[in-house]
Amino acid sequence: MRSRARALLAVAVFAVLVVTLWPGHLVPPENVNLVPFAGIVDEAVNVRAPIGVLNNAGNVLLFVPLGFLAAFATRRRAAIVPVLAGFSAAIETAQYFVGRSADVDDVLLNTLGSALGVAVAVAAAVRSRAKQRA
């Protein structure tokens, strides 16, 4: 099970890298947001632009599979969220150099997605153990 989870995690990491590091057209300094929650709030309250809500949700959902698969791929569950937060920060830093938006809010949302993925995996494991005992 662990080796299958690791293989799927590698595929998921590759997919995230392809999606997030595809070159864009933005140039510094227009491609940087270093104010936490600024973009999240702007996109959440702008009811005329549902793309903002999709962007926020997409940043969360993008990292849910990584957290979920990592929980099955390793025994060090406490390290998963910090490691994936660092991975997200590295992606955002790289995005600055490939003409994409580098946004601290994306790191926050990706980290939330990682934590949700781990929580779902832990809940599934607990449920499975309880089922086996019954």
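Residues numbered from 1 in each chain as written. Predicted model: local features only at pLDDT ≥ 70, side-chain atom pairs only at ≥ 80, totals over all residues. Heavy atoms only, no water.

**Observations regarding the overall build of the protein**
The helix and strand inventory of the protein stands at five helices and two strands. Beginning at the N terminus, the succession of helices and strands in the protein can be written as α-β-α-α-α-β-α. Judged by the C-alpha coordinates and their principal axes, the protein covers about 55 × 30 × 20 Å. Per-residue burial for the protein yields a buried fraction of 32% across its 134 residues. Across the protein, every contact between residues at least 6 apart in sequence was considered, and the portion connecting residues at least 24 apart equals 79%. When the accessible surface of the protein is split by element, carbon and sulfur atoms take 70% of a total near 8400 Å². (Helix = DSSP H or I, 4+ residues; strand = E, 2+ residues; numbered from the N terminus. Buried < 20%, exposed > 50% of the residue type's maximum accessible area, 1.4 Å probe, protein only. Contact = heavy atoms within 4.5 Å. Areas by Shrake-Rupley, 256 points an atom, 1.4 Å probe, with all protein chains shown as cover.)

**Quick notes on the confidence of the model for the protein**
Per-residue confidence for the protein gives a mean pLDDT of 92, with 98% of residues at or over 70. The least confident element of the protein, judged by mean pLDDT, is helix α2 (residues 38–45) at 85; the most confident is helix α4 (residues 77–97) at 97. (pLDDT = per-residue confidence, 0-100.)

**Concerning the layout of surface pockets**
One number sums up the size of the largest pocket: a volume of about 220 Å³. Surrounding the largest pocket, 15 residues form its lining, T20, N55, N59, L62 and R100 being those nearest its centre. Residue assignment for the lining of the largest pocket shows that the elements contributing at least two residues are α1 (2–21), α3 (50–73), α4 and α5 (104–133). Counting residues per element, the lining of the largest pocket draws most heavily on α3, which supplies six residues. Within the lining of the largest pocket, the residues separate by chemical class into five nonpolar, seven polar and three charged. In this structure, the second largest pocket spans a volume of roughly 150 Å³. (1 Å grid on protein atoms, 1.4 Å probe; cavity = no way out; pocket = protein on both sides within 12 Å on 5 of 7 lines; lining within 4 Å. Points joined across faces, edges and corners; volume = space filled by probe spheres on them. Nonpolar A, V, L, I, M, F, W, Y, C, P; charged D, E, K, R; others polar.)

**Comments concerning the packing of aromatic side chains**
Given two aromatic rings, one states the distance between the centres and the angle between the planes to describe the pair. Counting across every chain of the model gives three aromatic pairs. Ring centres 6.0 Å apart and planes at 45° place the aromatic pair F63 and F87 in the tilted group. Within this pair, whereas F63 is found in helix α3, its partner F87 is found in helix α4, the two being separated by 24 residues in sequence. Judged by centre distance (5.0 Å) and plane angle (85°), the ring pair of Y96 and F97 falls under edge-to-face. Given the relative accessible area of 28%, Y96 is considered partly exposed. In this structure F97 comes out as exposed when scored by relative accessible area, which is 65%. (Phe/Tyr/Trp six-rings, centres within 6.5 Å; stacked < 30°, edge-to-face > 60°.)

**Observations regarding the nonpolar core**
Grouped together as the largest cluster of nonpolar side chains are 16 residues, with contacts concentrated most on L9, V16, F63, L66, I80 and L84. For this core, the secondary structure elements donating two or more residues are α1, α3, α4 and α5. Considering each element in turn, this core owes the most residues, seven residues, to α3. Sequence-distant contacts of I80, defined by excluding residues within four places in its chain, comprise G67, A70, A71, T74 and V118. (Core = buried A, V, L, I, M, F, W, Y, C linked by side-chain atoms within 4.5 Å.)

**Brief notes about the side chain of N31**
Within the fold, N31 resides in the loop between α1 and β1 (32–33). Exposure remark for N31: the relative accessible area of 1% places this residue in the buried category. Contacts of N31, omitting those with residues within four sequence positions, involve L26, Q95, Y96, R100, S101 and A102.

**Some words on unusual backbone geometry**
Cis geometry marks the peptide bond from P28 to P29, where omega comes out at 0°. With respect to the element layout, P29 can be found in the loop between α1 and β1.

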